[in-house]
Amino acid sequence: MAPIRDKFTIHSKAVVCQDVELKGDITIGAGTIVHPKATIFAIAGPIVIGSGCIIEESAIVVNRRKEVMRIGDDNLFEIGCRVESPSIGSFNTISVRARIHHTVRISSFCVIGAGCMLIPQEDETLDDYTVVYGPEAERRTWSGKGKIQEADLRRKHAEYLREMLPKFNRLRRGDGA
Amino acid sequence: MPAPSILYHCPCLSTSPVPPPPHLPSSSYSFHPLHTLFFCEECDAVRCNRCVSVEVSGYYCPNCLFEVPSASVRAEKNRCARNCFMCPNCRNTLSVVPSDPPDPGDGRLMVPISAVGEPPFLLYCNYCRWDSSEVGMTFEKPTGLAAQLQKFEDSALDSLEFDRLKEHFEPIIRASSLSSSTLPTQAAHSPHTNPITAAATAALARDIPGVAKYTPLTRSQRGHKDKSANKDEMPQYKSRVDITTASKHGTGGGELDVEMMKRLEDVSEIARLEQRWSLSWTTSIETRDLKPLRIPLHSKRSKRCPACTHILIKPEQKAQSVRFKIKLAAASYLPAIVVALPHRQQALAVESAKRSMVKSTTAPPDEDREGKCELQAGKTYPFNLALSNPLYDPIQVRLSVQRMHVSHSEGAPDKARRPPFAISLPTSPFTISAFAEAWEYEEDDEMFGLDDDEVLEARLRGEKEIKTKPKSVGVLEKKGNTTVIGGEVVIGKEARGNVKFNMLVSFTYRSDDPSPSESNDMGSPSKAGSKVTETKTFAFYTVVDLGAIIPKEEAKYIDDIL
């Protein structure tokens, strides 16, 4: 395999801490926050992260496929989760220590519960508002009630981090800057 | 309980103070972990949860920690009457959330929103995202939800049925409380005078086709007249709704369910058994019909000694408090014993060292470990008992193994029932120093670790060195209020089953209530005179389980073939 060429494109309004591990071709959109000790690996194809996402400590985002891994806007990747999903919509929550295999595509407004493993053998796509929860990764569909409040909370969360993280961490800039 | 383990005996199940031999099934009922036991100071005896009498000292909601007065416990059917609900889907607690502001309709999420939520309010599960609008349940205001739901609940079929049942049994219950209060002695001696038991007996004696008739022993002596009297006492109950037609009232069951299942697309449309388990009535089996449940109340209980009715444990009244007003736990009276098998600990240590070096989390370590840790037939193993003294005075301890194997082999001539193993323990008494709080904080963990490593290395260099080590039986170590005793188990060649034996622990301690003149003789416990007057001995049985023996059978069998 050819050595991975690093190419980081980080929006000037994104907050990416110095102590993150980035590899490969990565694009990070406006207002996205990457906490220290997070890992983003674009092993095979590039990773494009939209705006307003929050990637917490020791979360791992990996692209094992050739095509571009697109992550939408306002997603929350909680502590210790591992995501290899080739495409992710918007307003999803991947909870603490959840694991998503590269066979799963995620639409929007999905919630992957704490510690859930999503490792199907065949490719599948989670519909909008899918909730995965519990030790056996059960699924149900959320009615979507309260999503505006949740989106509001997510934005406030990101806003707070954008303000506070730079006070205590060095930030990483993109290649262009 | 994983071996090696130790359990303490409570003599409440038998009349003799000697526990049953450990290989009998009844043995496991007489032994308990130390932390579950109590100690009655008045009776000077161990008490277990099986023998204490329990009384409720207060009810509270585990979610909002509100103390519910016992009068309203019954009225609220043992559930929280405030804002606490359980998710019918996943059993998480539900939170009350306001609805979203109206959708502007342009497909974009409207942000920001006002901090004050707007009605209607919903119950919402943070875990599985169930919300009460799925079952058509919304609230005008975010407080007093249970009261808002009251009218639905009161008109529900099951609560109406329950009220009817209560009405039906009320006269009988009243009569029983009356009779037991007026004739307490008689009621105690002949249980059939109690109308409730009488009614229950009559119900049991009813003829059910295909079921053998229930005839209590007393019946034959008591004649025919009483039987008819029993039947008269309880009028037959007629249910409000016939259960066979209940499905017509929307409670599920029967043809309706069959129809529904024919059109079923997904298994998750059917509520699982555990989701319907706590419902008392036949309900629809569909997931979408599950209703939020008010959270069941918990109780704080105090326990009394069965013999002297002194309180053994009594919690503080406040629901927020986790402390106890009175706590006579056995752990603060009896020495705590920890059993260890040195050869197993080494195997574990080696294993963990290996694992940390290789750092392979995927390989299951258990298979390898088990081979090293098991007790093999025909071998000798040392074991350690670490005794910790909870008392503020030093104690003298004597250990002895109950001689049950010998008597057993006499009783059973079968050769396989020979004593499968022999235990050697130091027979002379030894002391354990007094408990002092300062030892709790002493930082000698590192020292201990070093010691362990040295021993480990020695063992790794050669097993023989250790086997000829002079001190495997006796006092091995004294540190703080803990004394480690070494023992040895010799396992017979034909042995199988568990190495499990009863051990009598008797210890002598300075009595807590000395005569007034002897308050200043802390330094002279060895004086013969004072010893007689102010020491006491307490003995208790324990059962020690060192683990399963690996029989030599398989290996031998292969040898035989070859």
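Residues numbered from 1 in each chain as written. Chains lettered and ligands numbered in written order. Predicted model: local features only at pLDDT ≥ 70, side-chain atom pairs only at ≥ 80, totals over all residues. Heavy atoms only, no water.

Chain B is annotated in an unreviewed UniProt entry as Dynactin subunit 4 from Marasmius oreades. Per its UniProt entry, chain B bears the Sequence similarities (unreviewed entry) comment "Belongs to the dynactin subunit 4 family." (UniProt positions renumbered as here; feature names shortened; annotations may be inferred.)

Labelled according to an unreviewed UniProt entry, chain A appears under the name Dynactin subunit 6, originating from Marasmius oreades. Per UniProt, chain A has the following entry under Subcellular location (unreviewed entry): "Cytoplasm, Cytoskeleton". Listed under Sequence similarities (unreviewed entry) in UniProt, the entry text for chain A is "Belongs to the dynactin subunits 5/6 family. Dynactin subunit 6 subfamily."

On to the overall build of chain B. For chain B, the count of helices and strands is 17 helices and 23 strands. In chain B, which comprises 562 residues, the share counted as buried stands at 34%. In chain B, once contacts between residues fewer than 6 apart in sequence are set aside, the share between residues at least 24 apart is 71%. (Helix = DSSP H or I, 4+ residues; strand = E, 2+ residues; numbered from the N terminus. Buried < 20%, exposed > 50% of the residue type's maximum accessible area, 1.4 Å probe, protein only. Contact = heavy atoms within 4.5 Å.)

Residues and elements named next belong to chain B. Counted under the stated rule, the structure contains 15 salt bridges over all chains. Linking R304 and E55 is a salt bridge whose minimum nitrogen-to-oxygen distance equals 2.8 Å. Here the residue R304 occupies a position in strand β11 (residues 298-304), and E55 occupies one in strand β5 (residues 53-60), the gap between them amounting to 249 residues. What makes R304 partly exposed here is its relative accessible area of 24%. You can call E55 partly exposed: its relative accessible area is 32%. (Salt bridge = Lys/Arg side-chain N within 4 Å of Asp/Glu carboxyl O.)

Two faces, one strand: in a regular strand the side chains alternate between the faces of the sheet. All names here are of chain A. The two faces of strand β21 (residues 138-141) differ: E138 and R140 on one face are buried, but R139 and T141 on the other face are not. Bridge analysis of strand β20 (residues 130-133) against β21 gives four bridges, and the strand direction is antiparallel. Paired with T130 across the strands is T141, a residue of β21. Counting the residues in the hairpin turn of β20 and β21 gives four residues, including G134, whose phi is positive at 80°. (Pairing = 2+ DSSP bridges.)

Quick look at the packing of aromatic side chains now. As enumerated under the stated definition, the model contains 13 aromatic pairs over all chains in all. With a centroid separation of 5.0 Å and 10° between ring planes, the pair formed by F109(A) and Y129(A) is classed as stacked. Note that F109(A) is positioned in the loop between β16 (104-106) and β17 (111-112) and Y129(A) in the loop between β19 (124-126) and β20, a separation of 20 residues in sequence. Residue F109(A) is classed as buried on the basis of its relative accessible area, which comes to 13%. Owing to a relative accessible area of 18%, Y129(A) belongs among the buried residues under this scheme. Relative to F540(B), the ring of Y8(B) has its centre 5.3 Å away and its plane inclined at 15°; by these criteria the two rings are stacked. (Phe/Tyr/Trp six-rings, centres within 6.5 Å; stacked < 30°, edge-to-face > 60°.)

On to the interface of chain B and chain A, then. Counting residues at the interface gives 21 residues for chain B and 22 residues for chain A. For the interface between chain B and chain A, the tally reads two salt bridges. Across the pair R140(A) and E134(B) runs a salt bridge whose closest N-O atoms are separated by 2.8 Å. Put simply, chain B and chain A have 14 residue pairs in polar contact (both at pLDDT 80 or more) between them. Elements supplying a minimum of two residues to the side of chain B that touches chain A: β8 (94-99) and β9 (118-125) of chain B. Of the residues in the side of chain B that touches chain A, the class split is 13 nonpolar, three polar and five charged. (Polar contact = N/O pair within 3.5 Å; in protein donor to acceptor, adjacent residues only side chain to side chain. Nonpolar A, V, L, I, M, F, W, Y, C, P; charged D, E, K, R; others polar.)

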